[in-house]
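Topology and contacts: notes
Below are the chains, spelled out letter by letter.
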Amino acid sequence: MTQRVVPNHIAIVMDGNGRWATKRFLPRVAGHKKGVDALRACVRYCGDIGVKVLTVFAFSSENWNRPPDEVSGLMELLAMALTREVPQLQAEGVRIHFIGDRSKLSDKVRNGLTQAESMTAGNTRLVFNICFNYGGRWDIAQAAAQLAARGEAITEASLDRAMALAHVPDPDLLIRTGGEQRISNFLLWQGAYSELYFTDKLWPEFDAAAIDAAIADYAGRERRFGRTSEQLTPSPLRARRKAA
Ligand code: IPE
Ligand code: IPE
Ligand code: MG
């Protein structure tokens, strides 16, 4: 029996909501609504199977370029999700963090984010990072600006500590649904050694079985971090020589 290797940290670019809706002759916002349902189920399932950190891309710094009615629909959806979903997440032991530039969000949404974070701050079952008005370049720039303001030297370690995801280890598995094979400014720094997994499934269709398939694929990868394969799995001969 092969042992199931559950990644500690899964990151997801939840793409394909618009196409899911368009295929059904529905407005794009209907796809985003369905996307919230898929996300609710995904958070629950990840908690159940022992994933420790889930980080999702919900709204990119570039998504402001969408038609104004779609952008306002997404903002409303976030506000609605905050009221409807947070109590349940709290009950399930999920700790919520919002990652991204909050300065462009309305006061109401901003307060909602802070409240959700403080309400769930004591939870330890699953850390759930929601990247909203997030961009990987923004994160690197804001981290560098923090260090410059404090007169700190810029090193890999100091930048790492100033990044918006400094409270969690880097993602082990980075999934993108919706068929595109690109990063779209997600986790540029933290994804340096993430295993990438692309699927044609549209985000609203990404269910528990699809998560299992991604994890099964991940389990078959060899994470070398620059080393050679032989260094990771020493041959019995080499092990004997070393012991002698
Ligand atoms: C991802 O789905 C959700 C957001 C970017 C907010 P899309 O809305 O990008 O869906 P497609 O790519 O148009 O199908
Ligand atoms: C990436 O999806 C952002 C989110 C999923 C929030 P996009 O649909 O915006 O990415 P591009 O524009 O196709 O690269
Ligand atoms: Mg898209």
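The structure under discussion appears in the preceding block.
Below, the structure is looked at part by part.

Thresholds applied
- Residues numbered from 1 in each chain as written.
- Chains lettered and ligands numbered in written order.
- Predicted model: local features only at pLDDT ≥ 70, side-chain atom pairs only at ≥ 80, totals over all residues.
- Heavy atoms only, no water.
- Helix = DSSP H or I, 4+ residues; strand = E, 2+ residues; numbered from the N terminus.
- Rg over C-alpha atoms; globule rule 2.2 N^0.38 Å.
- Buried < 20%, exposed > 50% of the residue type's maximum accessible area, 1.4 Å probe, protein only.
- Areas by Shrake-Rupley, 256 points an atom, 1.4 Å probe, with all protein chains shown as cover.
- Lys, Arg positive; Asp, Glu negative; His and termini not counted.
- Charge placed at Lys NZ, Arg CZ, Asp CG, Glu CD.
- Pairing = 2+ DSSP bridges.
- Near = heavy atom within 4 Å.
- Polar contact = N/O pair within 3.5 Å; in protein donor to acceptor, adjacent residues only side chain to side chain.
- 1 Å grid on protein atoms, 1.4 Å probe; cavity = no way out; pocket = protein on both sides within 12 Å on 5 of 7 lines; lining within 4 Å.
- Sits in = over half its atoms within 2 Å of the grid points.
- Axes fitted to C-alpha atoms, helices over the stretch in contact; angles between N-to-C directions.
- Parallel < 35°, antiparallel > 145°, perpendicular 65-115°, else oblique.
- Left-handed = near helix turned anticlockwise from the far one by under 90°.
- Contact = heavy atoms within 4.5 Å.
- Nonpolar A, V, L, I, M, F, W, Y, C, P; charged D, E, K, R; others polar.

Quick notes on the overall build of the protein
A tally of regular secondary structure across the protein gives nine helices and six strands. Against the globule reference of 18 Å for 244 residues, the protein gives a C-alpha radius of gyration of 20 Å, in line with a compact fold. If you line up the protein on its principal axes, its C-alpha atoms span 70 × 50 × 35 Å. Here the protein holds 244 residues, and the buried ones make up 44% of them. Accessible surface, the protein as shown: approximately 12,900 Å² in total, 54% of it carbon and sulfur. Of the side chains in the protein, 32 bear a positive and 27 a negative charge, and the two mean positions are spaced by 3 Å.

Brief notes about the pairing of strand β4 (residues 126–134)
Taken across its nine residues, β4 has nine buried, putting it largely inside the fold. Direction of pairing for strand β2 (residues 53–60) relative to β4: parallel, over a ladder of seven bridges. The partner of V56 across the bridge, within β4, is I130. As judged from the six bridges shared by strand β3 (residues 94–99) and β4, these two strands associate in the parallel manner. Bridged to V94 within β4 is L126.

Overview of the site of ligand 1
By nearness alone, 13 residues border ligand 1, and D15, G18, R19, R28 and R66 come closest of all. Between ligand 1 and G16, the relevant distance is 3.3 Å, taken from an oxygen atom to a main-chain nitrogen or oxygen of the residue. One of the backbone N or O atoms of G18 is found 2.9 Å from an oxygen atom in ligand 1. In this structure the site holding ligand 1 corresponds to the largest pocket.

Considering the packing of helix α2 (residues 28–49) against helix α7 (residues 208–219)
Think of two packed helices as two axes; the pair is described by the angle between the axes and how far apart they sit. Between α2 and α7, whose axes approach to 10 Å, the crossing angle comes to 50 degrees. With respect to α7, the axis of α2 lies oblique. The way α2 lies across α7 gives a crossing that is right-handed. Contacts between α2 and α7 pair C42, Y45 and I49 from the former with A208, I211, D212 and I215 from the latter. Of the residues assigned to the contact of α2 with α7, the class counts are six nonpolar, no polar and one charged.

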